[in-house]
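Per-entry structural report
The lines below spell out each chain.
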Amino acid sequence: ADRESRLGNLDGFRFFCMLRRVDDADAADDVNYVSATVWETKANFDAWKKGDAFKEAHGGGTVAGVAGMLVATLQNTKGKPKVAAWEGLLPLGQPSPSAGGEATLPSDVFVAMNRFPVAEGSEDEFERRFADRSSTLADFAGFKGFLLLRRNGKVDDGATHSTFSVWDSRASFQAWLDSEKKPDEQPRKNLLAGRPTPSYYEGILALESAQGV
């Protein structure tokens, strides 16, 4: 929370949130915090990683700054952070009430993810079935955004795809989950190499552009 950020002013920035894991008693891993950023294009993401804003947020870009950040991280975590990059597919969202990409959301958010180990060779069919569905997500109060994510880079945890849905509260998510219409969370099992893994997060320190997630 104390780190300065220029994310909201960068080209292609759409959404950032520090996520705190909830309902993790049966989790397959011990990752209890996730920082998530959503960008318009990979080029925008790469420009952020190479620019001054990224350096400022990760120790200032100096040897002393990075070293200090690493020491602080080691004192507060059980291991090194792991990077997972994803390509966003089938975007669906609501415009943000914030303007100019600088305003913090008026309240925390709730994020639900469902990670899928899609069988090798079934990726295109998996994505096609998602694309062919008629989604009712946008009809539910509190819905902010949805992406189907395809893993970009090395897959070391079996998850090749994931859903990423953002809500204004857990109650809004639960209302959708309890409804009879769940079009975005039920791919056919014969395309999977294992069971989907749901994970839920309380979103804190949320920031989004005027376009929303």
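Structure: see above.
Thresholds, definitions, all that
- Residues numbered from 1 in each chain as written.
- Predicted model: local features only at pLDDT ≥ 70, side-chain atom pairs only at ≥ 80, totals over all residues.
- Heavy atoms only, no water.
- Buried < 20%, exposed > 50% of the residue type's maximum accessible area, 1.4 Å probe, protein only.
- Helix = DSSP H or I, 4+ residues; strand = E, 2+ residues; numbered from the N terminus.
- Arc of directions from axis to C-beta.
- Contact = heavy atoms within 4.5 Å.
- Pairing = 2+ DSSP bridges.
- Axes fitted to C-alpha atoms, helices over the stretch in contact; angles between N-to-C directions.
- Phe/Tyr/Trp six-rings, centres within 6.5 Å; stacked < 30°, edge-to-face > 60°.
- Salt bridge = Lys/Arg side-chain N within 4 Å of Asp/Glu carboxyl O.

1. Brief notes about helix α5 (residues 170-178)
- Of all the positions in α5, only Ser172, Phe173 and Trp176 are classed as buried. Buried residues of α5, seen end-on, are gathered within an arc of 100° and therefore sit on one face of the element. Looking at α5, the residues exposed on the side facing more than 90 degrees away from the buried face are Ala171 and Asp178.
- The secondary structure elements touched by the buried residues of α5 are β4 (109-116), β6 (161-167) and β7 (197-208).

2. Comments concerning the sheet that holds strand β2 (residues 33-39)
- Pairing is antiparallel across the open sheet formed by 7 strands, whose spatial order is β2-β1-β7-β4-β6-β5-β3. Across the chains shown, the open sheet's two edge strands, defined by having one partner strand only, are β2 and β3 (85-93). Adjacent strand axes in the sheet meet at a mean angle of 30°, parallel and antiparallel pairs treated alike.
- Of the strand pairs in this sheet, strand β1 (residues 13-22) and β2 are connected by 7 bridges, and their pairing is antiparallel. Bridged to Phe16 within β2 is Thr37.
- Against the sheet, helix α4 (residues 123-132) engages β3, β4, β5 (143-152) and β6, with an angle of about 170° to β5.

3. As for the packing of aromatic side chains
- Under the definition given, this model contains 13 aromatic pairs.
- Considering the side-chain rings of Phe173 and Trp176, the 5.9 Å spacing of their centres and the 45° angle between planes classify their relative orientation as tilted. Of the two residues, Phe173 and Trp176 both sit in helix α5, 3 residues apart, roughly one turn of that helix.
- Judged by relative accessible area, Trp176 falls into the buried class, the value being 1%.

4. What to know about the pattern of salt bridges
- Counted under the stated rule, the structure contains 10 salt bridges.
- For the salt bridge of Glu125 with Arg129, the shortest nitrogen-to-oxygen distance reads 2.8 Å. Taken together, the residues span about one helical turn, with Glu125 and Arg129 both in helix α4 at a distance of 4 residues.
- Note that Asp156 and Arg151 form a salt bridge whose closest N and O atoms lie 3.8 Å from each other.
- Taking relative accessible area as the criterion, Asp156 reaches 53% and is therefore assigned exposed.
- Residue classification places Arg151 among the buried residues on the basis of a relative accessible area of 11%.
- Each of the salt bridges in this network shares a partner with another, and the network as a whole consists of Glu125, Arg128, Arg129 and Asp132.

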